[in-house]
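# Structural overview for review
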Amino acid sequence: MRSSLPGGRPVARSPGRIAAGTAASALAALLVATTAARAQLTVTLVGNAGVVVSDGEVSLLIDLPYESGAFGYQTYDHEALAPVGDVVSVVTHHHRDHFAPELFLSRAAWRAIGPPSAMAGVPAARILTGDSIVVGSFSVVVVPTPHTDDHRSYRVRWHDRVLHFVGDTEDPTSLVATPPMDVLFVTPWLSCAAETAAGFRTAARRIAYHVDPGGRDPFCGGIEVLPQGASFRVER
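In low-pLDDT regions, the fine details of the predicted coordinates are not to be read closely. Summary statistics for the chain give a mean pLDDT of 87 and a share of 83% for residues scoring 70 or more. Long-range and interchain partners of residues 10-18, a stretch whose pLDDT sits below 50, account for 11 contacts in this model, where long-range means more than four residues apart. Confidence drops under pLDDT 50 across residues 26-36; counting only partners more than four residues distant or on other chains, this segment forms zero contacts.

Written as structure tokens, this is what we have:
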């Protein structure tokens, strides 16, 4: 490419400068696309109470991996789990329809958050402890709730978004005390109990999980029933 100096004398432009400018533009576009991708969560309902929540850098595996088909609940292929980034299993309790430690142990790079009964047999170096645990852009808050002796629900904050996972508790008390929620993952039985709880805080979305594969569950309060394997996004 050529242009002219005063007097009409042509001057050549360096192809290298053009290439460098093009490369810089491409890099800027890539950074914009990457930033946009990190500005949203992808949420996938794997089965039972198993949910993968990922922002591309960290993947939280809520009540995963579990024993496929345990107690007559949903089946899935645990070997097909392919979460990206730093992977942390977030476990509510030790029942095998929520967590199978031998499947977790086979994934050497994964770490876990969970109550002592669920973490028995998991090396201490792979367990993250505390009542509020930060992993990347996520803050995972432990909410003790009744079911087993050390059952816990979880409140997960990502930037200004709040996702709440009830686990198997039958007690709606934690849903009264919780801050406003963007997404509530709730069992069918708790969805009905929560409707009658004084002071129950609703959420922008209420997603049913741990549903009966035979479709015999009652649902209350406008809860969304999505198919197993469904995904959706949560924007910042």
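Still more ground to cover, so stick around.
The next subject is the pattern of salt bridges. All chains considered together, the criterion is met by six salt bridges. Asp-86 is the partner of Arg-111 in a salt bridge, and the nearest nitrogen-oxygen pair spans 2.6 Å. With Arg-111 in strand β7 (residues 111-113) and Asp-86 in strand β6 (residues 86-90), this residue pair connects regions lying 25 residues apart in the sequence. With a relative accessible area of 28%, Asp-86 lands in the partly exposed category. Notably, a salt bridge pairs Glu-102 with Arg-96, separated by 2.5 Å at the nearest N-O pair. What you see here is one network of salt bridges that share partners, running through Glu-67, Arg-96 and Glu-102.

A separate point is the pairing of strand β12 (residues 181-186). Burial analysis of β12 places six of its six residues in the buried class, the great majority of the element. Here strand β11 (residues 161-165) runs beside β12; their pairing, made up of three bridges, is parallel. Each bridged residue has a counterpart across the sheet, and for His-164 the counterpart in β12 is Leu-184. Here β12 runs beside strand β13 (residues 203-208); their pairing, made up of five bridges, is parallel. Looking across to β13, one finds that Phe-185 is bridged to Ile-207.

Definitions and cut-offs
- Residues numbered from 1 in each chain as written.
- Predicted model: local features only at pLDDT ≥ 70, side-chain atom pairs only at ≥ 80, totals over all residues.
- Heavy atoms only, no water.
- pLDDT = per-residue confidence, 0-100.
- Contact = heavy atoms within 4.5 Å.
- Salt bridge = Lys/Arg side-chain N within 4 Å of Asp/Glu carboxyl O.
- Helix = DSSP H or I, 4+ residues; strand = E, 2+ residues; numbered from the N terminus.
- Buried < 20%, exposed > 50% of the residue type's maximum accessible area, 1.4 Å probe, protein only.
- Pairing = 2+ DSSP bridges.

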